[in-house]
Amino acid sequence: AQKVTQAQTEISVVEKEDVTLDCVYETRDTTYYLFWYKQPPSGELVFLIRRNSFDEQNEISGRYSWNFQKSTSSFNFTITASQVVDSAVYFCALTRGATNKLIFGTGTLLAVQP
Amino acid sequence: DAGVIQSPRHEVTEMGQEVTLRCKPISGHDYLFWYRQTMMRGLELLIYFNNNVPIDDSGMPEDRFSAKMPNASFSTLKIQPSEPRDSAVYFCASSTSGAPLLNEQFFGPGTRLTVL
């Protein structure tokens with residue numbers, strides 16, 4: 001069965017620190033997609049990144065970077081030089097195969113202190 | 001372009017009442033999803049549609065919940081009768097099967113439901 005584990009329930013850092021959010025997934029599918037979503041205090045869910053199972057290249061977008069390793073079934077998210085506006089709950093998600101059915105992790109609450 | 005639109009944004013009702021949540025997906029999207037978010041259970045997929053047809057409703061908690069999609073631009077999630085344990089934020093999301101946006105789901109702002 002598919003499963004996403006975000007072991008870090010809450011993380012607190014001071015502004016400008018780097019922080020990594022962990023995501024470990026389980027699946028028997030050979031084709032699947034991984035996602036990160038951000039949920040700020042306002043409540044909406046904001047898409048950050050999608051990665052398919054055949055693309056293990058790491059990705060960098062500004063202060064955000066993602067490390068996908070199939071060997072360890074991990075898709076970790078790093079924020080460099082964190083800012084207060086990064087404070088949010090971050091969800092990692094996995095599709096069921098190549099379908100649109102998303103399975104979410106329990107989320108990591110990131111608090112960035114000024 | 002307008003995103004996913006949900007109404008109402010907040011709903012307070014009494015136990016036993018019927019509740020109807022509404023969603024308008026992004027124009028051109030052929031998938032529509034209903035999620036529920038609670039502290040205890042996190043984000044759960046309730047049901048999703050493809051081209052207005054329900055594909056997977058295995059997440060619908062019980063018969064009190066029903067969802068319809070009469071056309072490509074409108075869906076409803078109904079709870080009848082409502083119970084306090086239904087209190088949650090209900091999200092609607094839509095996506096397209098066309099690359100390169102395959103599988104990326106766009107979420108609405110959510111409806112916060114409180115059942116007293």
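As the structure is a prediction and not an experimental result, all values here were calculated from the model. All residue numbers refer to position in the chain's written sequence, counted from 1. Going through the entries in the order they are written, you letter the chains from A and number the ligands from 1. This being a predicted model, a pLDDT of at least 70 is required before a residue's local features are given, and a value of 80 or more before pairs of side-chain atoms are given or counted; all residues contribute to the totals for chains, interfaces and linings. Derived side-chain values reflect all non-hydrogen atoms in the structure, with water molecules and hydrogen atoms excluded from consideration.

A. Region of interest: the overall build of chain B. For the purposes of this entry, the term helix denotes a DSSP run of H or I that reaches at least four residues, the term strand denotes a run of E that reaches at least two, and both are numbered from the N terminus. For chain B, the count of helices and strands is zero helices and eleven strands. Taken from the N to the C terminus, the helices and strands of chain B come in the order β-β-β-β-β-β-β-β-β-β-β. Its C-alpha atoms give chain B a radius of gyration of 14 Å, within 12% of the compact-globule value 13 Å for 116 residues. C-alpha atoms of chain B, sized along the principal axes, occupy 45 × 25 × 25 Å. Burial classification: accessible surface area is computed with a 1.4 Å probe over protein chains only, and a residue below 20% of its type maximum counts as buried, one above 50% as exposed, and the rest as partly exposed. Looking at chain B residue by residue over its 116 residues, the buried ones come to 50%. For a compact globule the rule gives 2.2 Å times the number of residues to the power 0.38, and the radius of gyration it is set against comes from C-alpha atoms.

B. Spatial organisation of the pattern of salt bridges. Any carboxyl oxygen of Asp or Glu that lies within 4 Å of a side-chain nitrogen of Lys or Arg is treated as forming a salt bridge with it. According to the stated counting rule, one finds twelve salt bridges over all chains in the structure shown. One salt bridge connects R51(A) with E59(A), and the closest N-O pair in it is separated by 2.7 Å. We classify R51(A) as buried; its relative accessible area is 6%. Look at E59(A) and you get partly exposed, because its relative accessible area is 31%. Shared partners join several salt bridges into a network, and the residues in it are E62(B), R64(B), E83(B), R85(B) and D86(B).

C. Representation of the environment of F33(B) in the model. Of note, F33(B) is situated in strand β4 (residues 31-38). As for F33(B) and L46(B), which are separated by 13 residues in sequence, their C-alpha atoms are 7.6 Å apart. The contact rule is simple, with two residues in contact once any of their heavy atoms fall within 4.5 Å. The contacts of F33(B), once residues within four sequence positions are left out, are N100(A), L45(B), I47(B), Y48(B), F91(B), C92(B), A93(B), S94(B), S95(B) and Q105(B).

D. Region of the structure containing the nonpolar core. In these notes, a set of buried Ala, Val, Leu, Ile, Met, Phe, Trp, Tyr and Cys residues joined through side-chain atoms within 4.5 Å is what counts as a nonpolar core. The biggest cluster of nonpolar side chains holds 23 residues, and the ones touching the most others in it are W36(A), F75(A), F77(A), Y90(A) and L110(A). Sorting the residues of this core by element identifies β2 (10-14), β3 (19-21), β5 (33-39), β8 (64-69), β9 (74-79), β10 (88-95) and β12 (108-113) of chain A as the ones contributing at least two each. Of the residues forming this core, the biggest block, four residues, is contributed by β10(A). Setting aside anything within four residues of it in sequence, one finds L110(A) in contact with I11(A), V13(A), V19(A), I79(A), D86(A), S87(A), A88(A) and Y90(A). In this structure, V19(B), I47(B), F49(B) and C92(B) belong to the second largest nonpolar core, which totals 21 residues.

E. A look at the layout of surface pockets. Cavity means a closed set of points on a 1 Å grid over the protein atoms alone, one where a 1.4 Å probe fits but cannot get out, pocket means an open set with protein on both sides within 12 Å along at least 5 of 7 lines, and lining means a residue has an atom within 4 Å of a point. Grid points are joined across faces, edges and corners, and a volume is the space filled by probe spheres set on the points. Considered as a void within the structure, the largest pocket measures approximately 680 Å³ in volume. Together, 30 residues line the largest pocket, and Q39(A), V89(A), Q37(B), T38(B) and M39(B) are the ones closest to its centre. Residue assignment for the lining of the largest pocket shows that the elements contributing at least two residues are β10 and β12 of chain A together with β4, β9 (88-95) and β11 (111-115) of chain B. Its residues assigned to classes, the lining of the largest pocket comprises eleven nonpolar, 15 polar and four charged. Approximately 310 Å³ is the volume found for the second largest pocket. Around the second largest pocket, the lining comprises 16 residues; the ones closest to its centre are I103(A), F104(A), L43(B), E44(B) and L45(B). In this classification, Asp, Glu, Lys and Arg are treated as charged, Ala, Val, Leu, Ile, Met, Phe, Trp, Tyr, Cys and Pro as nonpolar, and every other residue, Gly included, as polar.

F. Highlighting the sheet that holds strand β7 (residues 65-71) of chain B. Residues and elements named next belong to chain B. Ordered in space as β1-β3-β8-β7, the four strands form an open sheet in which the pairing is antiparallel. Two strands bound the open sheet, and with one partner strand each, they are β1 (5-7) and β7. Strand-to-strand, the axes of this sheet are offset by a mean angle of 15°, without reference to chain direction. Both β1 and strand β3 (residues 19-24) contribute to a ladder of three bridges, which runs antiparallel. By the bridge assignment, S7 is partnered in β3 with R22. Two strands make a pair as long as DSSP finds a minimum of two bridges between them. The convention used is that axes are lines fitted to C-alpha atoms, helices contributing only their stretch in contact, and that angles between N-to-C directions extend from 0 to 180 degrees.

G. Focus on the interface of chain A and chain B. Tallying the contact residues gives 17 residues for chain A and 18 residues for chain B. Roughly 1600 Å² of surface becomes buried between chain A and chain B when both sides are summed, with 52% attributable to carbon and sulfur atoms. Buried area is understood as the total, over both parts, of accessible area removed when two parts are fitted together, assessed with a 1.4 Å probe. By the criterion of area lost to chain B, the three top residues of chain A are L45(A), N100(A) and K101(A), representing 39% of everything that side buries. The interface formed by chain A and chain B holds one salt bridge in total.

H. Up close: the confidence of the model for chain A. The predictor rates its confidence in each residue with pLDDT, a number between 0 and 100. Looking at chain A as a whole, the pLDDT averages 93, with 99% of positions reaching at least 70. Ranking the helices and strands of chain A by mean pLDDT puts β3(A) first, with 98, and strand β7 (residues 59-61) of chain A last, with 87.

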